[in-house]
Amino acid sequence: MTHSERPVQVGIVGTGNISATYVATLHMFDFVRVKAVTDLNGAAAAGLAGEFGIDAVGLDALIDDPEIELVINLTTPVAHAAISRKALLAGKHVYSEKPLGITMEEAEELVAIASRSGLRLGCAPDTFLGGGHQLTRRLLDEGAIGQPVAATALLLKPGHEHWHPNPAFFYARGGGPMLDVGPYYVTNLIALFGSATRVVGMAKRTRAERPVLSEPRRGEIIKVDVPTHTTGVIEFENGTTVTIIASFDIVAHKHNQIEIYGSEGSMITPDPNMFTGDVEIFRRGGAGWQHCPVDHPYVEGVPGRLGLRGLGAAEMVDAYRSGRPHRVSAELALHALEIMTALERSQGQAIAIKSRAARPEPIAAATKPGHFA
Ligand SMILES: NC(=O)c1ccc[n+]([C@@H]2O[C@H](COP(=O)([O-])OP(=O)(O)OC[C@H]3O[C@@H](n4cnc5c(N)ncnc54)[C@H](O)[C@@H]3O)[C@@H](O)[C@H]2O)c1
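For the structure given in this document, a descriptive report is provided here. Predicted model, so just to flag it, every value in this text is computed and none were measured.

### Some thoughts on the overall build of the chain
Across its full length, the chain holds ten helices and 17 strands. Rg of the C-alpha trace for the chain: 20 Å, near the compact-globule value of 21 Å for 373 residues, within the 12% margin. Counting only C-alpha atoms and orienting by the principal axes, one finds that the chain spans roughly 60 × 50 × 40 Å. When the 373 residues of the chain are sorted by exposure, 49% land in the buried category. Taking the contacts inside the chain whose residues are at least 6 apart along the sequence as the reference set, 72% of them involve residues at least 24 apart.

Have a look at this one:
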């Protein structure tokens, strides 16, 4: 794209914990600027606006602003579909935090509106765009460990009530480890192996209530409405079978997040919740585990922020300005949502996955920061 064009003006709905990271990431790119923000909590919106010198406005004013082309939806999961729908119906491109909707019906409706309106719809997570994950993919595609056979994807956490200032939504519909953190793992796996065809899973809600362990709500009791430990197997079209666990019930462990086992070796990938990290590879007949230096762009965000979250929205803007498909697509999010919700409801029965998503185009090692193609 030509960076001499006027930057695309963005409006953000939802100015909570993750919002400052988004603004900081977006402002790394000269072709996108956040013009306005809004939140049900006016003080939160004013705080973010003040920090970055942007406007805090009402929801309708933001959505009706003719200068705003893209609405970024950083509300809590139950509000995602309603806000994204409103923005799409007003003719805005939309990039949403995950999940796209809390049910397949909600998510499918958004995809249908975007497609019939010729609007772009993207949905986090975007961490697979990060340098460590792009290197993993390159090594896999080059056959560095032969044909992929199996993998483990282990999301083992004690729960967000340990650190998030307002953690109740992680245990309400649309939350839980599978829908909240699972998207990082499942999207990463789709980017590596392609579409999934079948899953089988078991899910349980280990405790009905959980106390908040973080400030300022320490001691408040959260009612748990979702499974907090889901385990299962995902079968991919390329033949890889992945053993997955998504849990908020694990105090401590020593596993790697994702390990891939191929016909000629094994690979440890970076944490899918991060943009980069160590890539290690073991080749049959080689000299043991080797560390692979990350030589792809997009490894570091603004210091003090949560990585490069928002990179996918910048990539989407670059894509629609250049007329190419965006990588962090709604189709990818919809496919991931179908896999995750099927794992949660399977209870031992195999479920066929109907949707398909193409592997997003890789980002070549030689790509200059600020560019994607
Ligand atoms: N916090 C993180 O580390 C993190 C990381 C990645 C992704 N996310 C995702 O980002 C989203 C937001 O997370 P968060 O941690 O910032 O949550 P948060 O609770 O800190 O902030 C959410 C904000 O959305 C506002 N909101 C809710 N419904 C709204 C509505 N209808 N209209 C306008 N504002 C509304 C709330 O008032 C709140 O300020 C979630 O989907 C979460 O899964 C969070």
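### Concerning the sheet that holds strand β4 (residues 68–73)
Strand order in this open sheet of six strands is β3-β2-β1-β4-β5-β6, and the pairing throughout is parallel. Where the open sheet ends on each side, the last strands, each with one partner, are β3 (55–56) and β6 (121–123). Of the pairings in the sheet, the one linking strand β1 (residues 8–13) to β4 comprises five bridges and is parallel in character. When the sheet's bridge partners are listed, Gly11 is paired in β4 with Val71.

### Side note on helix α1 (residues 19–26)
Of all the eight residues making up α1, six are buried; the element is thus mostly covered by neighbouring parts of the structure. Restricting attention to buried positions, one finds in α1 the residues Ser19, Tyr22, Val23, Ala24, Thr25 and Leu26. Taken together, the buried residues of α1 touch β1, β2 (32–38), α2 (42–52), β4 and α9 (311–322).

### Some points on the sheet that holds strand β17 (residues 351–352)
Reading across from one edge, β16-β15-β14-β13-β7-β12-β11-β8-β17 is the order of the nine strands in this open sheet, with mixed pairing throughout. Since the sheet does not close on itself, it has two edges, and those belong to β16 (289–292) and β17, each with one partner. As paired elements, strand β13 (residues 258–262) and strand β14 (residues 265–268) share three bridges and run antiparallel to each other. Following the sheet pairing, Glu259 is matched in β14 by Ile268. The strands that helix α6 (residues 131–141) touches are β7 (148–156), β13, β14, β15 (279–283) and β16; relative to β15, the one it contacts most, it runs at about 20°. Here helix α8 (residues 182–193) sits on the sheet in contact with β7, β8 (196–204), β11 (229–236), β12 (241–247) and β13, set at roughly 165° to β7.

### A look at the site of the ligand
Contacts to the ligand come from 24 residues, most closely from Gly14, Gly16, Asn17, Ala79 and Glu97. A total of three residues in the shell around the ligand trace back to one element, the largest contributor, which is helix α4 (residues 77–89). In terms of residue class, the shell around the ligand is made up of eleven nonpolar, nine polar and four charged.

### Points about α2
Since the α-helix packs 3.6 residues into each turn, any two residues three or four apart lie on the same face. Of the residues making up α2, those classed as buried are Ala45, Leu48 and Ala49. Burial along α2 is one-sided: seen end-on, the buried residues are contained in an arc of 100°. Seen from the buried face of α2, the exposed residues on the opposite side, beyond 90 degrees, are Ala43 and Gly50. Following α2 by one or two positions, Gly53 adopts a phi angle in the positive range, close to 65°.

### Observations regarding the packing of α8 against helix α10 (residues 330–345)
A pair of packed helices can be characterised by two numbers: the angle between their axes and the separation between those axes. Orientation of α8 relative to α10, taken along the N-to-C sense of each, is 115°, at an axis distance of 9 Å. If you check the angle between α8 and α10, you find them roughly perpendicular. Considering the relative orientation of α8 and α10, their crossing is right-handed. Residues Gly182, Pro183, Val186, Thr187 and Ile190 of α8 form the contact with α10, whose participating residues are Leu332, His335, Ala336, Ile339 and Met340. In terms of residue class, the contact of α8 with α10 is made up of seven nonpolar, three polar and no charged.

### Things to note about unusual backbone geometry
The omega torsion of the bond from Lys98 to Pro99 falls at -5°, within 30 degrees of zero and hence cis. Note on placement: Pro99 falls in the loop between β5 (93–96) and α5 (104–117). Each neighbour pair has its own omega, and for Glu215 with Pro216 the value is 5°, a cis peptide bond. The backbone phi angle of Tyr298 is positive, close to 70°, even though this residue is not glycine. When you line up the elements, Tyr298 lands in the loop between β16 and α9. With a phi close to 45°, Gln347 is a non-glycine residue in the positive phi region. Structurally, Gln347 is set in the loop between α10 and β17. Residue classification places Gln347 among the exposed residues on the basis of 11 C-beta atoms within 10 Å.

### Examining the pairing of β8
Here β8 runs beside β11; their pairing, made up of eight bridges, is antiparallel. Its bridge partner being in β11, Val200 is matched across the sheet by Val233. Both β8 and β17 contribute to a ladder of two bridges, which runs antiparallel. Residue pairing in the sheet places Val199 in a bridge with Ile351 of β17.

What counts and what doesn't
- Counting of residues starts from 1 at the beginning of each chain's written sequence and follows it residue by residue.
- Given that this is a predicted model, residues contribute local features only at a pLDDT of at least 70 and side-chain atom pairs are listed and counted only at 80 or more, while totals for whole chains, interfaces and linings are drawn from all residues.
- Helix and strand definitions follow DSSP, with helices as H or I runs of at least four residues and strands as E runs of at least two, each counted in order from the N terminus.
- The atom set for the radius of gyration is the C-alpha atoms, and the globule formula is 2.2 Å times the number of residues raised to the power 0.38.
- Partly exposed residues are those whose C-beta has more than 12 but fewer than 20 other C-beta atoms within 10 Å; 20 or more makes a residue buried and 12 or fewer makes it exposed, with C-beta atoms placed from the backbone.
- Note that contacts rest on C-beta atoms placed from the backbone: two residues are in contact if these are within 7 Å.
- When DSSP finds two or more bridges between two strands, those strands count as paired.
- Fitted lines through C-alpha atoms serve as axes, helices being fitted only where they are in contact, and the angles separating the N-to-C directions of these axes extend from 0 to 180 degrees.
- For each residue, a C-beta atom is positioned from the backbone; the residue is called near a molecule or strand if that atom sits within 6 Å of it.
- Ten residues, namely Ala, Val, Leu, Ile, Met, Phe, Trp, Tyr, Cys and Pro, are considered nonpolar, four, namely Asp, Glu, Lys and Arg, are considered charged, and the remaining ones, Gly among them, are considered polar.
- Starting at the helix axis, one direction is taken to each C-beta atom, and the arc is that of these directions.
- Note that the term roughly parallel is reserved for angles under 35 degrees, roughly antiparallel for angles over 145, roughly perpendicular for angles of 65 to 115, and oblique for everything else.
- Crossings are classed by handedness, with left-handed meaning an anticlockwise turn of the near helix from the far one by less than a right angle and right-handed meaning a clockwise turn.

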